[in-house]
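Close look at the chain arrangement
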Amino acid sequence: MRSRVRRAHAPHLHNHHHRHLFAQLVQRAIPTPKQRAFDAHTTLHNLTPKQVYDVVSDVPSYQTFLPYVTDSRITERINHNQFNAELALGFKGIAAAYTSRVTLEPPHSVLAEALDSSVFHKLRTRWSFAPVDDDAKAGCIIRVNIELQLKSHAHDQVLRRVMDSVAAQQVAAFKERGIAKYSSGGGGGSGGGGSSRA
């Protein structure tokens, strides 16, 4: 008489499979937070677009003066106007470290796009610099546009209420940094504001 041997499945593998399927179902049922856009700008009468561009393109210095940036360093030089940088952010209990691809267009713009992040589906920040009244010596209009899509709804709820002020704080920080570095009189600029599109 032939005996039958029944192979038992390991319980932990069975449970792991169910947890994985459950996580997939939840992910499909709950839509990803929508993409949001934020803008801010100001005018600096004592600085040229080239000077402001030099401040914004100096990514390794971000950790010394830019709000919520806890670490910033270049990890790879791709070409003369493009590099990868590792950035670490901390804000209201949200911590994120990620690699950003930075593309320079001197002296007109600086574009930073997150390549990998556990917090962001998308993070695209574009800084642009334009002369006041077509005269570089008259001052600079600095503008930032942030396109943001988070992976977590909890993070989205936190950031969507404050991103306008965060964008304005970043503009102000670059303004103060530029004035401290280049303006002998220590004067400032005027104007400024921010708006969001959700």
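The text that follows walks through the structure, step by step, so that each part is easy to find. (Residues numbered from 1 in each chain as written. Predicted model: local features only at pLDDT ≥ 70, side-chain atom pairs only at ≥ 80, totals over all residues. Heavy atoms only, no water.)

Glancing now at the overall build of the protein chain. When helices and strands are counted, the protein chain shows five helices and eight strands. When its helices and strands are written in sequence order, the protein chain yields α-β-α-α-β-β-β-β-β-β-α-α-β. A buried classification covers 37% of the 198 residues belonging to the protein chain. Contacts in the protein chain between residues far apart in sequence, at least 24 positions, make up 55% of those at least 6 positions apart. Roughly 11900 Å² of accessible area belongs to the protein chain as shown, and the carbon and sulfur atoms make up 51% of that amount. (Helix = DSSP H or I, 4+ residues; strand = E, 2+ residues; numbered from the N terminus. Buried < 20%, exposed > 50% of the residue type's maximum accessible area, 1.4 Å probe, protein only. Contact = heavy atoms within 4.5 Å. Areas by Shrake-Rupley, 256 points an atom, 1.4 Å probe, with all protein chains shown as cover.)

A word on the pattern of salt bridges. Tallied over the entire structure, the rule returns six salt bridges. Between Asp54 and Lys50 there is a salt bridge, with its nearest N and O atoms 2.8 Å apart. One end of the pair is Asp54 and the other is Lys50, both in helix α2 (residues 49-56) and four residues apart, which spans about a single turn. Each of Glu113, Lys122, Arg124 and Glu147 takes part in one network of salt bridges that share partners. (Salt bridge = Lys/Arg side-chain N within 4 Å of Asp/Glu carboxyl O.)

The rolling of a water-molecule-sized probe over the atoms marks out the regions of remaining empty space. Going through the model one piece at a time under the given rule, you end up with one cavity of 30 Å³ or more. Counted as a void, the largest cavity has a volume near 520 Å³. Contributing to the lining of the largest cavity are 31 residues, with Leu89, Tyr98, Leu123, Thr125 and Gln170 lying nearest its centre. When contributions to the lining of the largest cavity are tallied by element, the ones reaching two or more residues are β3 (82-91), β4 (94-105), β5 (109-116), β6 (120-132), β7 (135-150) and α5 (163-182). (1 Å grid on protein atoms, 1.4 Å probe; cavity = no way out; pocket = protein on both sides within 12 Å on 5 of 7 lines; lining within 4 Å. Points joined across faces, edges and corners; volume = space filled by probe spheres on them.)

Attention now moves to the packing of aromatic side chains. Counted under the stated rule, the structure contains five aromatic pairs. When the centroid spacing of 6.1 Å and the interplanar angle of 80° are considered together, the rings of Tyr53 and Phe129 count as edge-to-face. Highlighted residues: Tyr53 in helix α2 and Phe129 in strand β6, separated in sequence by 76 residues. For Tyr53, a relative accessible area of 5% gives the class buried. Using a relative accessible area of 4% as the deciding quantity, one classes Phe129 as buried. Arranged with centres 4.7 Å apart and planes meeting at 80°, the rings of Trp127 and Phe174 form a pair that is edge-to-face. Of the two residues, Trp127 is situated in strand β6 and Phe174 in helix α5; the sequence distance between them amounts to 47 residues. Owing to a relative accessible area of 5%, Trp127 belongs among the buried residues under this scheme. Phe174 gets classed as buried once you look at its relative accessible area, which sits at 2%. Through successive ring pairs, a cluster of aromatic residues spans Tyr62, Phe65, Trp127 and Phe174. Of note, Arg77 hangs over the ring of Phe83, and the distance from its end group to the ring centre comes to 5.1 Å. (Phe/Tyr/Trp six-rings, centres within 6.5 Å; stacked < 30°, edge-to-face > 60°. Lys NZ or Arg CZ within 6 Å of the ring centre and 35° of its normal.)

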